[in-house]
Amino acid sequence: MEYLKKAAVRSETEECSRSVAEIIRNVRGSGDRALLEYNARFDGSDRTELRVTREEIDSAYAQMTERELSDLRQAAEHIRAFARAQRDCIRELDGFSTVENSVLGHRIIPVSSCGCYVPGGSYPLFSTALMLIIPAKVAGVERVAVCSPAVRGKRSIHYKTLVAMDLAGADEIYAVGGAQSIAALAYGTEQIQAVDMIVGPGNQYVAEAKRQCFGQVGIDFFAGPSEVMALADGSANPEVLAADMLAQSEHDRMAKGIVVTTSRELGMAVIEAVRRQLGTLETAGIAASSWNTYGEVILADSLDEAVEIANRYAPEHLEVIVEDERILPRLVNFGSLFIGQETGEVFGDYASGTNHTLPTVRAARYTGGVWVGTFLKVCTFQRFQRGAMREIAPLVSRMARGEGLIAHARAAELRMELL
C-alpha cells in the first residue's frame, strides 16, 4: 500500500464537549429562555414562538416553483416506497413453541415519538428532512418533532426545508438548532415536549449533544464529518471519481474523500482531475479546503488489499468501480454501497430511495444507517399453559438455585405447587 495523497489527522478537542455540557445544563435549567438566548446568539433569530405555524408553512409553499415542488414529491415517493418495502420485510412472530402448550413470539412496535434534527448551516438540506421523517412515519411513529435552525439573521427555517418537512409528514416543526435543540428534545422545555429518540446528522456540537443525551433518549448513532470512499481499478473514469470526491468535499471543511485504487495511473489522474475541476466549482473554497486537508488517494497492491483497506476504514459511502465484481460479497463494512460507475453516490444523497443518514468515522463496523427499522422495537412475548409450565419450571428452578437466586427458584416452584 502506498499513499499517493495522504490526509491530515483530525484533531480531537475537549472544548466542544465542555461547551455542549454547558448548553445542556442551561436548557435543562432554564428551558425556553435558554433556547431563545441561543437562537439569538448563534442564528441571529429573535422569534419567541419556537413552533412553526401552519401559516409559515403555507408561505413557504408559495415561494416554491412548480418544478421544485414536483422534484420534492418525486424524491419523497422514492424514499417512501423503499421504506415501505423495508417495513414489509419486518414480520411479527407468533405461535413459536419450545415446549408443548407454550407460545412465544415478538411484536414490532414503533417508538411513540422521535425528534429529527435537520441541519441548516451553509446549505438548505431539505433532502435530510425527507430522509429522516419519511421512514419514521412509515414505521408508524405517532409524533415526529423536527428541529432546524432559522436562516442566519432571520426568524424562519429555509422555505425549501420547511416544505420538505411538511411533505414528509412532520407533526411538529421547531425553529431551533444546534446542541440546544438536542437538549430540548431529550429533556423537554415549555414549548418542546421531550421525545423517545433522536435521529439526524449535524456538526460536532450536535453530535456531541446526542452523545451526552444518549440514555435519556435513544439515538440513531454518533455521526461525524461526511465521507466517501471509491474502490476502483484502472477501468474507472478519473473525471467521474474526481467529481464524486468534490461532491463530498463541498459538504464542509471536515469532510473526507478517499480513492483506493490498484492503478497508479488512475490515482494520479484523479488528483489532477480534482485540481482542474476545482477551478470551475462555485463551492471551491470549502471543497478545496476539505480535499487538500483530508482527501486521500491510496495505491493498493491488489484488489484483495483494497478490500481489506475498505473494510478496515468502514466508510459512510462506498463506491465500487471494478471489472471483477466477485469482491462485492467480501465488502462488509460500509454505510451504503454504490456499485458501478453509473451509480453516483449523489443519487443516494437525494432521490434513489435509500437513506443518506449513514454511520461515519468507522461506525459502519457495527451499524447501518437510518432506516424504517430504526424507529421500530422488536418486543418479545410468551404464554405458558399448565402443561408447559410444569415441564419448564423444574429446569428454571435448578438453574436459579445454581446461581444462588433462591427467590427466582421459589417463583418457579410455587407455580408447580399452587397451579
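Please read all numbers here as calculations on a predicted model, not as lab measurements.

So, how was this worked out
- Residues numbered from 1 in each chain as written.
- Predicted model: local features only at pLDDT ≥ 70, side-chain atom pairs only at ≥ 80, totals over all residues.
- Heavy atoms only, no water.
- Helix = DSSP H or I, 4+ residues; strand = E, 2+ residues; numbered from the N terminus.
- Contact = heavy atoms within 4.5 Å.
- Areas by Shrake-Rupley, 256 points an atom, 1.4 Å probe, with all protein chains shown as cover.
- Expected span 1.5 Å × (residues − 1).
- Buried < 20%, exposed > 50% of the residue type's maximum accessible area, 1.4 Å probe, protein only.
- Arc of directions from axis to C-beta.
- Polar contact = N/O pair within 3.5 Å; in protein donor to acceptor, adjacent residues only side chain to side chain.
- Pairing = 2+ DSSP bridges.
- Axes fitted to C-alpha atoms, helices over the stretch in contact; angles between N-to-C directions.

**As for the overall build of the chain**
Within the chain one finds 15 helices and 14 strands. For the C-alpha atoms alone, the extent of the chain along its principal axes is close to 85 × 60 × 45 Å. Within the chain, counting contacts between residues at least 6 apart in sequence, those at least 24 apart form 74% of the total. Within the structure as shown, the chain displays about 20,100 Å² of accessible surface, and the carbon and sulfur contribution to it stands at 51%.

**Some details on helix H2 (residues 32-43)**
The end-to-end C-alpha distance of H2 is 15 Å, a good match for the 16 Å that 12 residues give at a rise of 1.5 Å each. Taken together, the buried positions of H2 are Asp32, Ala34, Leu35, Tyr38, Asn39 and Asp43. Mapping the buried residues of H2 onto a view down its axis gives an arc of 150 degrees, with all of them on the same face. Exposed side of H2, more than 90 degrees from the buried face: Arg33 and Arg41 are the residues found there. Contact partners of the buried residues in H2: helix H1 (14-30), strand S6 (172-175) and helix H7 (178-187).

**Things to note about the side chain of Asp220**
Turning to its location among the elements, Asp220 is positioned in the loop between strand S8 (218-219) and strand S9 (227-232). A polar contact is formed between the side chain of Asp220 and the side chain of Lys210, at a distance of 2.7 Å.

**Topic: the sheet that holds S6**
In a beta sheet, neighbouring strands pair by backbone hydrogen bonds and run either parallel or antiparallel. A sheet is described by the order of its strands in space; here five strands give the open sequence S6-S5-S4-S7-S8, paired in parallel fashion. Strands with a single pairing partner mark the edges of an open sheet, and in this sheet they are S6 and S8. The sheet contact formed by strand S4 (residues 113-117) and strand S5 (residues 143-148) spans five bridges and is parallel. Bridging from a neighbouring strand, Cys116 pairs with Val146 of S5. The strands touched by helix H5 (residues 126-139) are S4, S5 and strand S7 (197-199); relative to S4, the strand with the most contacts, the crossing angle is about 170 degrees.

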